Amino acid sequence: MKRLVVVSNRVADLRSAQAGGLAVGLADSLRQRGGVWMGWDGQTLKYEEEPEPRLRKVGTVTQATIPLTEQDYSEYYLGFSNSVLWPLFHYRLDLVEYKTTFLDGYRRVNAKFANALMSVLKPDDVIWIHDYHLLPLASELRQRGCKQRIGFFLHIPFPPPEILAAVPRHRWLVESLLEFDVIGFQTNTDLGNLQHYVEDHLGCRLEPDGKIAIGEREVIAGCFPIGIDVDSFVEMAEKPSDEVQIETQRREILGRQQIIGVDRLDYTKGLPDRLRAFARLLELYPEMRKSVALMQIATPTREEVEAYVEIRKELEALSGAINGRFADFNWTPVRYIHGTVPRDALAALFRASQVGFVTPLRDGMNLVAKEYVAAQSMENPGVLVLSKFAGAAEEMHEALIVNPYDVDDMARNLCRALTMPLEERQERQRALMQRIREHDAAYWLNSFMAALENGETNRVA
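What counts and how
- Residues numbered from 1 in each chain as written.
- Predicted model: local features only at pLDDT ≥ 70, side-chain atom pairs only at ≥ 80, totals over all residues.
- Heavy atoms only, no water.
- Helix = DSSP H or I, 4+ residues; strand = E, 2+ residues; numbered from the N terminus.
- Rg over C-alpha atoms; globule rule 2.2 N^0.38 Å.
- Contact = heavy atoms within 4.5 Å.
- Areas by Shrake-Rupley, 256 points an atom, 1.4 Å probe, with all protein chains shown as cover.
- Buried < 20%, exposed > 50% of the residue type's maximum accessible area, 1.4 Å probe, protein only.
- Pairing = 2+ DSSP bridges.
- Axes fitted to C-alpha atoms, helices over the stretch in contact; angles between N-to-C directions.
- Expected span 1.5 Å × (residues − 1).

A. Fine view of the overall build of the chain. Counting secondary structure elements, the chain contains 16 helices and 16 strands. Computed over C-alpha atoms, the radius of gyration of the chain comes to 23 Å, within 12% of the 23 Å expected from 2.2 N^0.38 for 461 residues, which places it in the range of a compact globule. Across its three principal axes, the chain shows a C-alpha extent of roughly 65 × 45 × 45 Å. For the chain, long-range pairs separated by at least 24 residues make up 77% of all intrachain contacts whose partners lie at least 6 apart in sequence. By element, 48% of the accessible surface of the chain is carried by carbon and sulfur atoms, the whole surface being about 18900 Å².

B. Examining unusual backbone geometry more closely. In this structure, Asp131 takes a positive phi of about 80 degrees despite not being glycine. Along the polypeptide, Asp131 turns up in the loop between β5 (126–130) and α4 (137–143). Even without a glycine there, the phi angle at Arg169 is positive, about 65 degrees. Take Arg169: it is sitting in the loop between α5 (161–164) and α6 (170–177).

C. Just the side chain of Ser291, in detail. Tracing the sequence through the fold places Ser291 in the loop between α10 (271–284) and β12 (292–299). Taking relative accessible area as the criterion, Ser291 reaches 19% and is therefore assigned buried. Those residues in contact with Ser291, other than ones at most four positions away along the chain, are Gly255, Arg256 and Gln257.

D. Broad picture of the sheet that holds strand β11 (residues 257–264). The sheet built from 6 strands is open, its strands ordered β13-β12-β11-β14-β15-β16 with parallel pairing. What marks the edges here is a single partner per strand, and that holds for β13 (334–338) and β16 (400–402). Neighbouring strand axes in the sheet, compared pairwise and without regard to direction, differ in orientation by 20 degrees on average. Direction of pairing for β11 relative to strand β14 (residues 355–358): parallel, over a ladder of 2 bridges. Pairing of Ile259 across the sheet is with Val355, part of β14. Sheet strands touched by α10: β11, β12, β13 and β14. Its angle to β12, the strand with the most contacts, is close to 175 degrees.

E. Expanded view of the sheet that holds strand β7 (residues 182–185). Taken in spatial order, the 10 strands line up as β3-β4-β2-β1-β5-β6-β7-β10-β9-β8 in an open sheet, and their pairing is mixed. Taken across any chain shown, the strands that pair with only one partner, and hence form the sheet edges, are β3 (54–58) and β8 (205–206). The strands touched by helix α2 (residues 70–89) are β1 (4–10), β2 (35–45) and β4 (61–69); relative to β4, the strand with the most contacts, the crossing angle is about 95 degrees. Running over the sheet, helix α7 (residues 188–200) touches β7, β8, β9 (212–214) and β10 (217–223) and is turned about 150 degrees from β10.

F. How the structure looks around α7. Here α7 spans 18 Å end to end across 13 residues, near enough to the 18 Å set by a 1.5 Å rise per residue. What α7 keeps buried is the set Asp190, Leu191, Gly192, Asn193, Leu194, Gln195, Tyr197 and Val198. Buried residues along α7 sit against α5, α6, β7, β8, β9 and β10.

Shown next as structure tokens:
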């Protein structure tokens, strides 16, 4: 079995029990095969230096890490990755801040990754590169003589050609992307957007099997929806902490239901309109007052970026305004938590919540939707209310699908979820559980690796 080399912007902490599903799935494959996980170590240096990557063994896995300079961090990470590509790929042209220095930094750091990676590669390695930070990495590796099979998986959406074409050097971005042997997307929509671009802008030919013909080469581009480790999440949900149990019993005694939202604090997640939808629920259905509360957990992220500072201020103001308007001495409508909650506690909170409220404006997949379903008990399951613009909506048809830009639509579906009969909830839960088991983390990993190693595609319709 060939050694697997994983490359991502950051290297996951493989020793942490709180590592997410992606890290766990990749780590398991790395441990079985023996392999390397390379990425930035999180350190920023004042001055440029390009040392050999720092190697550390964790069982059968070698972690290879490199530092970045402060200039790299500013231009590559905060700049091109998160002020250009992130808003662009989430269809937010109004938030794109393009600077030539950002692109220079992005190319420089990808070259730095390539130099570091070449020093640890073996001839028969299989290389799997992840996400928008490293779109040109295959091109950089090819320039250095890398002949190994290289795959790429995009965890976020891929925009339509007319949006992608708004950013300078868009053609270079896609031509660099086509240096990979396999390109994986979360949804058929994202895959279709790339196919339209390469036909319209590059004149590439699409083969009947979906491969992209570029001269004498063929690139596999496919849909590989990411999943979760369902059984491990079920196990966590069934073991609530004493604090969660006490809080759940208190709500049951008072006859109150809970809506839960869990997101990174990001403008793509639709959080302000989610809070407005909850307020609209209380306006349209006064009988819901004092009988339901919204718990919104927003994990801090990229707090150096101005757009994130602004959304935090907006959410704090909105939650305060809703509570000021509707709260009573023994009922707080919105519990807004700006912080991180461990995954085992989240699993228990999901099970204790009657509605999972997942309403991003645009999302590659959104694993919270799948985690909420996995956490439910079949005897008395909750209901998932899901944005039509989350990648998960392409699979999870039995959720209540909503338009995250339509506050009234979300409010009506919240009421429907809170009043849904048990039999209908169970029917929807059975179907959703079957879907997330069929396309779990192992399926995602195995199907992508089959395409990368054997050229086999297993597209999800």
